[in-house]
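So the chains spell out like this:
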Amino acid sequence: MKNIKTFKTQDGSIGLYNEELNEVYHSKFGAKKEAYEKFIAPALILNNRSLDILDICYGIGYNTKCAIENFSNINSIDCIEIDNELVSKSYEFDYDEKINQIIKDNLQKSDFIHFYIEDARSAIKKIDKKYDIIFHDGFAPHKQSILWSEEFIKLVASKLKDNGIYCTYNHSKPVLNALCKMGLFLGQTIVDNKIIGTVASFDKNLIKNPLISFELGKLNTKSAITYKDKDLNLSHEEIIKNRDNEVNNSKLQTLSGYLKTVVK
Ligand SMILES: C[S@@+](CC[C@H](N)C(=O)[O-])C[C@H]1O[C@@H](n2cnc3c(N)ncnc32)[C@H](O)[C@@H]1O
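Cut-offs applied
Residues numbered from 1 in each chain as written. Predicted model: local features only at pLDDT ≥ 70, side-chain atom pairs only at ≥ 80, totals over all residues. Helix = DSSP H or I, 4+ residues; strand = E, 2+ residues; numbered from the N terminus. Rg over C-alpha atoms; globule rule 2.2 N^0.38 Å. Buried ≥ 20, exposed ≤ 12 C-beta atoms within 10 Å, placed from the backbone. Contact = placed C-beta atoms within 7 Å. Axes fitted to C-alpha atoms, helices over the stretch in contact; angles between N-to-C directions. Parallel < 35°, antiparallel > 145°, perpendicular 65-115°, else oblique. Left-handed = near helix turned anticlockwise from the far one by under 90°. Nonpolar A, V, L, I, M, F, W, Y, C, P; charged D, E, K, R; others polar. Near = placed C-beta within 6 Å. Pairing = 2+ DSSP bridges.

Caption draft 1: Main features of the overall build of the protein. Within the protein, the regular secondary structure consists of ten helices and ten strands. Computed over the C-alpha atoms, the radius of gyration of the protein is 18 Å, within 12% of the 18 Å expected from 2.2 N^0.38 for a compact globule of 264 residues. Seen through its principal axes, the protein has C-alpha atoms that stretch 55 × 40 × 40 Å. Considering the protein as a whole, with its 264 residues, one finds that 39% of them fall into the buried category. Contacts in the protein between residues at least 24 apart in sequence constitute 67% of all its contacts with a sequence separation of at least 6.

Caption draft 2: Expanded view of the packing of helix H2 (residues 62-70) against helix H4 (residues 97-108). Axis separation between H2 and H4 bottoms out at 10 Å; the angle between their running directions is 120°. Between H2 and H4, the angle falls in the class oblique. Pair H2 / H4 crosses with right-handed handedness. Residues Lys65, Ile68 and Glu69 of H2 touch H4, and the partners they reach there are Ile99, Ile102 and Ile103. Of the residues that constitute the contact of H2 with H4, the class distribution is four nonpolar, no polar and two charged.

Caption draft 3: Examining the site of the ligand more closely. As a matter of local geometry, the ligand sits amid 21 residues, with Cys57, Gly59, Tyr62, Ile82 and Ala120 nearest to it. Broken down by secondary-structure element, the contributors of at least two residues to the shell around the ligand are H2 and strand S5 (74-81). Tallied by class, residues from the shell around the ligand come to twelve nonpolar, five polar and four charged.

Caption draft 4: Region of the structure containing the packing of helix H1 (residues 31-40) against H2. The N-to-C vectors of H1 and H2 enclose an angle of 70°; their axes lie 9 Å apart at closest approach. Taken together, H1 and H2 sit at an angle that is classed as roughly perpendicular. Crossing geometry of H1 relative to H2 is assigned as right-handed. In contact with Ala31, Lys32, Ala35, Tyr36, Phe39 and Ile40 of H1, H2 contributes Tyr62, Asn63, Cys66, Ala67 and Asn70. For the contact of H1 with H2, the per-class residue count stands at eight nonpolar, two polar and one charged.

Caption draft 5: Local environment of the sheet that holds strand S8 (residues 160-168). In space, the seven strands of this open sheet follow the order S6-S5-S4-S7-S8-S10-S9, with mixed pairing throughout. Only two strands of the sheet have a single partner each, and these edge strands are strand S6 (113-117) and strand S9 (185-191). Each strand of the sheet is rotated relative to its neighbour by a mean of 20°, with strand direction disregarded. Across five bridges, strand S7 (residues 131-136) lies against S8 in parallel orientation. Bridging from a neighbouring strand, Phe135 pairs with Cys167 of S8. In the packing of H1 onto the sheet, the strands contacted are S7, S8, S9 and strand S10 (194-201), and the crossing angle to S10 comes to about 45°. Packed on one face of the sheet, H2 meets strand S4 (51-56), S5, S6 and S7 and runs near 170° to S5.

Caption draft 6: Representation of the environment of Leu232. By the element assignment, Leu232 lies in the loop between helix H8 (213-218) and helix H9 (236-249). Residues Leu232 and Tyr169, spaced 63 residues apart in sequence, show a C-alpha to C-alpha distance of 22 Å. With residues near it in sequence (within four places) discarded, Leu232 still touches Arg121, Glu151 and Phe152.

Caption draft 7: Region of the structure containing the sheet that holds strand S3 (residues 23-24). Across the sheet, three strands lie side by side as S1-S2-S3; this open sheet has antiparallel pairing. Among the strands making up the open sheet, the edge pair consists of strand S1 (4-8) and S3. Note: S1 against strand S2 (residues 14-18), five bridges, orientation antiparallel. Residue pairing across strands places Phe7 opposite Gly15, the latter belonging to S2.

Caption draft 8: Highlighting unusual backbone geometry. Unlike most non-glycine residues, Cys57 shows phi in positive territory, near 80°. Within the secondary structure, Cys57 sits in the loop between S4 and H2. One non-glycine residue, Asn193, adopts positive backbone phi at about 65°. Among the structural elements, Asn193 can be located in the loop between S9 and S10. Taking the C-beta count within 10 Å as the criterion, Asn193 has 5 such neighbours and is therefore assigned exposed.

Caption draft 9: Focus on the environment of Leu252. Note on placement: Leu252 falls in the loop between H9 and helix H10 (255-263). What makes Leu252 partly exposed here is the crowd of 15 C-beta atoms within 10 Å. Sequence separation between Leu252 and Tyr58 is 194 residues; the distance between their C-alpha atoms is 36 Å.

Here it is as C-alpha cells:
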C-alpha cells in the first residue's frame, strides 16, 4: 500500500499510518477498541431492530466488522471508501475469522454489504436510502476538510432515519455546529471521563449525554464557523482558506469572549 505503513496498536490490532498526509487511520490506543467505543457502543441502543448501516470511510473496515460482531440483526451495510486497495485487502487484517470471511464473500459477490469505491462526496449523492446508523470516520478536518463541510454533513444527515443514530469520533466545534444546523440533537461519547466522540439524532431520546447549554453556546462563536463547500468540489486548501477568511471577517463573539461572559 503506497505511502501507508502499519503499526501495532495497544489492543494488539493493526493500525495504519499515511506518510504523505502524516495522519493515522486508527488510534494508537487500539483500532478495534476505537471502533467499539466510538462507533458501536453509542448505537447499541438500536440493537433490537433490523438495521441499515452506512459506513463512511470504511478504510480496512474495523467499524463494519465491529458492527457485524455486535449487532444481532443487520439488514444491510453500505460502505464508502476512496481507496480500493484498502477495501480489497481489508479481510486480510487480523480479526475474527468468520467476520473476515463475511467481508471477503461480500467483496466477491455483494450480499448484505455493498461497497462504494469512490469519493464520499459523489457516493453520498447516489444513495437513495435512509439508515438507522451512520458511521462518519473521515480524516481530521485540519487534514481533510472536504468530508466535514456543512454541505456534506447536510447530505449525510438527509440519509439518517428520524430514529437513527449518527456516530463520529469528531467533536470539533465546526462539525458540531454543522450537525446542529441540520436540526440534530447532539450528545457526547464519553469514556473514562473523556470526550471521545459525538452522537447525533433527530430523536432526542436516543441521546445519552446531551450537550449542555454551555457547550451549545460555544457553537455561536467564531470558533464554530463551519467548513463550506457549496458545490462539493472544493479542495481541502480552498475550504480552509475560505473558512479562515470567514473567521477573520466574522462579527461573531470569540470563544474566549464567550467563556468570559459565561464564567462572570
Ligand atoms: C480515519 S480513516 C478510516 C478508518 C476506517 N474506518 C477503518 O476502520 O479502517 C479515513 C479513511 O477515509 C478514506 N478517505 C479519504 N478521503 C476520502 C474520500 N474523499 N472519500 C471516501 N473515503 C475517503 C481514507 O482512505 C481512509 O481509509
